[in-house]
Amino acid sequence: MKDKILSMIALITIFVPMTVVFFWKPDNPNATALLIGYFIFIALSFCYTLILFMKKHLRNTNTKIALGVNSLYLAGILILVILPRIL
């Protein structure tokens, strides 16, 4: 039962970053701070799911989906936001 709750928490965290479309406006001066907050949440959610997967050996469908989606979120942020600023 405990493992099921932990994996459901991981699965729910993949839907939180989708709420950025309701709050983010390009002309808002706080837009950068908002996106940084979402990036921090995505990174923490990815680390949480990775800990569940690697340390607790929790390899059910919810954890796998959460790990895959959080990986895509992080890869998208790195490719679209961070790498263009570095290069």
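Residues numbered from 1 in each chain as written. Predicted model: local features only at pLDDT ≥ 70, side-chain atom pairs only at ≥ 80, totals over all residues. Heavy atoms only, no water.

Draft legend 1. How the structure looks around the layout of surface pockets. Reported here for the largest pocket is a volume of approximately 490 Å³. Along its surface, the largest pocket is lined by 18 residues, and Leu-35, Ile-36, Phe-39, Ile-77 and Val-81 are the ones closest to its centre. Residue assignment for the lining of the largest pocket shows that the elements contributing at least two residues are α3 (31-54) and α4 (61-86). Of the residues in the lining of the largest pocket, the class split is 15 nonpolar, 2 polar and 1 charged. (1 Å grid on protein atoms, 1.4 Å probe; cavity = no way out; pocket = protein on both sides within 12 Å on 5 of 7 lines; lining within 4 Å. Points joined across faces, edges and corners; volume = space filled by probe spheres on them. Helix = DSSP H or I, 4+ residues; strand = E, 2+ residues; numbered from the N terminus. Nonpolar A, V, L, I, M, F, W, Y, C, P; charged D, E, K, R; others polar.)

Draft legend 2. Quick look at the environment of Phe-39. For Phe-39, the position within the fold is in helix α3. Relative accessible area serves as the criterion here: at 26%, Phe-39 is assigned to the partly exposed category. (Buried < 20%, exposed > 50% of the residue type's maximum accessible area, 1.4 Å probe, protein only.)

Draft legend 3. Spotlight on unusual backbone geometry. Phi is positive for His-57, which is not a glycine, with a value near 55°. Tracing the backbone shows His-57 in the loop between α3 and α4. Of the residues examined, His-57 reaches a relative accessible area of 58% and is grouped as exposed.

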